[in-house]
Amino acid sequence: MTNSFKLALTVLVLMLAVAVLSRFMDWMNLPSDAWFWGGVVGALLLVVAVPSVLTAVWRGEHRLR
């Protein structure tokens, strides 16, 4: 992958992560404990998933064939 493609993919991943994080924050503001904890779990999932995806993009471990 070229660096410009990696950069574009990084920007796309970050923009999607911000949109999903916004949804999780909306869930945390609902008047139910289940929605609150669902938002917390989702936000923590993003903390793990986004850096993992970005690491895979920049290391080039996966190949599109």
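An account of the accompanying structure is given in this report. Note that the coordinates shown come from a computational prediction; the quantities given were computed from them, not determined experimentally.

Rules of the game
Residues numbered from 1 in each chain as written. Predicted model: local features only at pLDDT ≥ 70, side-chain atom pairs only at ≥ 80, totals over all residues. Heavy atoms only, no water. Helix = DSSP H or I, 4+ residues; strand = E, 2+ residues; numbered from the N terminus. Buried < 20%, exposed > 50% of the residue type's maximum accessible area, 1.4 Å probe, protein only. Polar contact = N/O pair within 3.5 Å; in protein donor to acceptor, adjacent residues only side chain to side chain. Contact = heavy atoms within 4.5 Å. Phe/Tyr/Trp six-rings, centres within 6.5 Å; stacked < 30°, edge-to-face > 60°. Patch = residues over 30% accessible without salt bridge, like charges linked within 9 Å, V, L, I, M, F, W, Y side chains within 5 Å. Areas by Shrake-Rupley, 256 points an atom, 1.4 Å probe, with all protein chains shown as cover. Salt bridge = Lys/Arg side-chain N within 4 Å of Asp/Glu carboxyl O.

## Thoughts on the side chain of Thr 10
Thinking step 1. Mapped onto the fold, Thr 10 is located in helix 1 (residues 3–28).
Thinking step 2. The buried category is assigned to Thr 10, whose relative accessible area is 12%.
Thinking step 3. Polar contacts involving the side chain of Thr 10 include one to the main-chain carbonyl oxygen of Lys 6, which spans 2.8 Å.
Thinking step 4. Side-chain polar atoms of Thr 10 contact the side chain of Trp 58, separated by 2.8 Å.
Thinking step 5. With residues up to four places along the chain from it excluded, the contact list for Thr 10 reads Leu 54, Val 57 and Trp 58.

## With respect to the packing of aromatic side chains
Thinking step 1. Taken as a whole and assessed by the stated rule, the structure comprises 3 aromatic pairs.
Thinking step 2. Judged by centre distance (4.9 Å) and plane angle (80°), the rings of Phe 36 and Trp 37 are edge-to-face.
Thinking step 3. Judged by its relative accessible area of 30%, Phe 36 is partly exposed.

## Regarding a nonpolar patch on the surface
Thinking step 1. Taken together, the side chains of Leu 7, Val 11, Met 15 and Trp 58 make up a nonpolar region of the molecular surface, amounting to roughly 410 Å² of accessible area.
Thinking step 2. Take the nonpolar patch: its biggest share by element is 3 residues, from helix 1.
Thinking step 3. Here Trp 58 shows up in helix 2 (residues 33–59).

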